Amino acid sequence: MPKLWLAANWKMHKTVSEGQAFVARLVEQIPGLIKPGAGEIRVLIFPGFVSLQSVAAAARDTTIRIGAQDCYFEAHGAFTGEVSLPQIKDGGGSAVLIGHSERRHVLGEDNLLVAAKLKATVNAGVLALLCVGELAEERDAGNAFSVVDEQLETALANRSGITERTLAVAYEPVWAIGTGRNATIPDVEEMALYIREKLLEYVDEEHGREVSILYGGSVKPGNLAAYMGIPDITGALVGGASLDADSFAALYREMEGP
Ligand code: 13P
């Protein structure tokens, strides 16, 4: 059985103390997360930068991995407001969300900036969780696949160092994020298959086959199991339903299966 990912993107929510309390409550609910860890599911939490280090410290005795929601591609220098990969690693982060739809569509990141961030992340030996997905109007116009293709092709143009250890992909259709309007199983299945084909092409046959593909967009307890039944989907990236530890624990149990 392939390893599964359950990832929490807290976006711009949670203070330091709320983040720490979440970890304590989650571990209370899922004791198998305490090291050495009992299960097949890898939990990954993406807190805001300010609480990354404290949440990593709270998770020290667990198998929970902590990641950043963004990074800058330079290692240091005069880039006011940005956060580098060495800083993220030093704070306890071992993964970064790259090209989340809110970075692309609210904060204006284009495919080239996303590619530069992905390259820097891979070079730093940190897991890049590359987010791709189309807008509602792009899907309605029949362009969902070409949009995702361009996002993948640009981001993976420099493929040196990219393996299943440094890259995972999250398919998050923008219209499904935070809307409660989740994508249908056939739509996600078709897109996951397409992403797999593109990974074989843009990474290579060996590693492209092993890269994890996650689904994200209005995942909540009760609808996760159906996505996990899709052959190419080996995880979920969760926003709203990841903010409450009990709800996140319910997702963990749903992923474990009966
Ligand atoms: P929601 O689960 O709130 O739809 O958010 C998904 C998301 O953007 C995760 O990165």
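Here the structure is shown first, and the text comes after it.
Caption draft 1: Quick look at the packing of aromatic side chains. Within this structure, the stated rule accounts for six aromatic pairs. For the ring pair phenylalanine 22 and phenylalanine 248, a centre distance of 5.9 Å and an interplane angle of 50 degrees mean the geometry is tilted. With phenylalanine 22 in helix α1 (residues 16–29) and phenylalanine 248 in helix α11 (residues 245–256), this residue pair connects regions lying 226 residues apart in the sequence. Overall, the relative accessible area of 3% leaves phenylalanine 22 in the buried class. One aromatic cluster is present, formed by Trp10, Phe22 and Phe248 through successive ring pairs. The lysine or arginine in question, lysine 14, covers the ring of tryptophan 10, its NZ or CZ lying 5.2 Å from the ring centre.

Caption draft 2: Focus on the site of the ligand. Around the ligand, the surrounding shell holds 13 residues, and the nearest of these are Lys11, His100, Gly178, Ser218 and Gly240. Glutamate 172 places a side-chain nitrogen or oxygen 3.0 Å from an oxygen atom of the ligand. Of the residues assigned to the shell around the ligand, the class counts are four nonpolar, seven polar and two charged.

Caption draft 3: Looking closely at the nonpolar core. If you look at the biggest cluster of nonpolar residues, it comprises 73 residues, and the most contacted ones within it are Ile64, Leu167 and Ile195. At seven residues, helix α8 (residues 185–202) tops the list of elements feeding residues into this core. Contact partners of leucine 167, with chain neighbours within four places excluded, come to Leu118, Leu127, Ala128, Leu130, Leu156, Ile162, Leu199, Val203, Val211 and Ser212.

Caption draft 4: Highlighting the packing of α1 against α11. Direction vectors running N to C along α1 and α11 enclose 40 degrees, while the axes themselves pass 9 Å from each other. By the criterion of interaxial angle, the relationship of α1 to α11 is oblique. In the crossing of α1 with α11, the sense of the turn from one axis to the other is right-handed. On the side of α1, the interface is formed by Phe22, Arg25, Leu26 and Gln29, while α11 contributes Ala245, Asp246, Phe248, Ala249 and Arg253. In terms of residue class, the contact of α1 with α11 is built from five nonpolar, one polar and three charged.

Caption draft 5: The sheet that holds strand β4 (residues 95–98), seen in detail. The eight strands lie next to each other as β1-β2-β3-β4-β5-β6-β7-β8, forming a closed barrel whose pairing is parallel. Neighbouring strand axes in the sheet, compared pairwise and without regard to direction, differ in orientation by 25 degrees on average. Judged from the four bridges that link them, β4 and strand β5 (residues 127–132) form a sheet pairing that is parallel. Note on β5: the bridge partner recorded for alanine 95 is leucine 127.

Caption draft 6: Structural context of the pattern of salt bridges. Throughout the structure, instances matching the rule amount to 13 salt bridges. Close ionic contact of lysine 117 with glutamate 109 constitutes a salt bridge, the shortest N to O distance being 2.6 Å. Here lysine 117 and glutamate 109 have matching classes, each one buried. Here glutamate 134 makes a salt bridge to arginine 139, at a shortest N to O gap of 2.6 Å. Among the residues examined, glutamate 134 registers a relative accessible area of 0% and is labelled buried. Counted as one network, the salt bridges with shared partners bring together Asp70, Arg103, Glu109 and Lys117.

Cut-offs and rules
Residues numbered from 1 in each chain as written. Predicted model: local features only at pLDDT ≥ 70, side-chain atom pairs only at ≥ 80, totals over all residues. Heavy atoms only, no water. Phe/Tyr/Trp six-rings, centres within 6.5 Å; stacked < 30°, edge-to-face > 60°. Helix = DSSP H or I, 4+ residues; strand = E, 2+ residues; numbered from the N terminus. Buried < 20%, exposed > 50% of the residue type's maximum accessible area, 1.4 Å probe, protein only. Lys NZ or Arg CZ within 6 Å of the ring centre and 35° of its normal. Near = heavy atom within 4 Å. Polar contact = N/O pair within 3.5 Å; in protein donor to acceptor, adjacent residues only side chain to side chain. Nonpolar A, V, L, I, M, F, W, Y, C, P; charged D, E, K, R; others polar. Core = buried A, V, L, I, M, F, W, Y, C linked by side-chain atoms within 4.5 Å. Contact = heavy atoms within 4.5 Å. Axes fitted to C-alpha atoms, helices over the stretch in contact; angles between N-to-C directions. Parallel < 35°, antiparallel > 145°, perpendicular 65-115°, else oblique. Left-handed = near helix turned anticlockwise from the far one by under 90°. Pairing = 2+ DSSP bridges. Salt bridge = Lys/Arg side-chain N within 4 Å of Asp/Glu carboxyl O.

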